[in-house]
Amino acid sequence: MKIFTNPNAQLKSKYGQYSIAVLGNIVAVSAEGIADKIAIARYANDMIDVITGLGKQKWAFLGFLHGSALLTKDGELELEKSIAWRARHGMAVGALVTGQTTIEAIVKSQFERIYKNVGIPLGVFSDEASALSWLAEKGFSQNAGT
């Protein structure tokens with residue numbers, strides 16, 4: 001997760017199971033563990049704070065999932081609401097790195113379903129370099145605005 005070790009990245013939140021950083025026009029999240037509705041609601045509030053600070057610019061989401069990064073059913077519904085809010089506030093595309101998950105197929109299925117329901121394009125990758133390359137093709141970069 002080179003984006004989190006980049007000295008230009010602004011660490012916006014670090015709460016237990018997740019960290020949020022912004023670099024260029026990419027909002028990156030590193031998350032692990034099982035997330036229920038309460039955990040996702042807390043995370044969603046942190047994301048609102050971060051996104052509100054971005055103004056009206058378009059941005060991309062880059063997620064890194066680790067371990068058993070599963071959502072409970074109510075957690076999945078809560079995350080879908082959060083992503084719908086993000087879509088209305090500048091999120092144009094999402095990329096997910098699932099190479100560090102223990103149950104990759106299930107995690108991929110959950111996130112693909114959520115993004116499809118919201119209508120946001122999602123790319124799923126096994127490594128960070130591939131995800132960043134795909135985001136660059138879509139016009140999003142760690143160097144945007146610098």
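Residues numbered from 1 in each chain as written. Predicted model: local features only at pLDDT ≥ 70, side-chain atom pairs only at ≥ 80, totals over all residues. Heavy atoms only, no water.

Direction vectors running N to C along helix α2 (residues 37-52) and helix α3 (residues 73-87) enclose 10 degrees, while the axes themselves pass 8 Å from each other. When the axes of α2 and α3 are compared, the pair comes out roughly parallel. The residues of α3 that touch α2, namely those facing Lys37, Ile40, Ala41, Tyr43, Ala44, Met47, Ile48, Ile51 and Thr52, are Asp74, Gly75, Glu78, Leu79, Ser82, Trp85 and Arg86. Of the residues assigned to the contact of α2 with α3, the class counts are nine nonpolar, three polar and four charged. (Axes fitted to C-alpha atoms, helices over the stretch in contact; angles between N-to-C directions. Helix = DSSP H or I, 4+ residues; strand = E, 2+ residues; numbered from the N terminus. Parallel < 35°, antiparallel > 145°, perpendicular 65-115°, else oblique. Contact = heavy atoms within 4.5 Å. Nonpolar A, V, L, I, M, F, W, Y, C, P; charged D, E, K, R; others polar.)

Here we come to the pattern of salt bridges. One pass over the full model with this rule turns up three salt bridges. Arginine 113 is the partner of glutamate 76 in a salt bridge, and the nearest nitrogen-oxygen pair spans 2.6 Å. Separated by 37 residues along the polypeptide, glutamate 76 in helix α3 and arginine 113 in helix α4 (residues 104-118) bring together distant segments of the chain. On the accessibility criterion, arginine 113 (35% relative accessible area) is partly exposed. With a shortest N-O distance of 3.3 Å, lysine 81 and glutamate 78 are connected by a salt bridge. Of this pair, lysine 81 and glutamate 78 both sit in helix α3, separated by three residues, roughly a single helical turn. In this structure lysine 81 comes out as exposed when scored by relative accessible area, which is 52%. (Salt bridge = Lys/Arg side-chain N within 4 Å of Asp/Glu carboxyl O. Buried < 20%, exposed > 50% of the residue type's maximum accessible area, 1.4 Å probe, protein only.)

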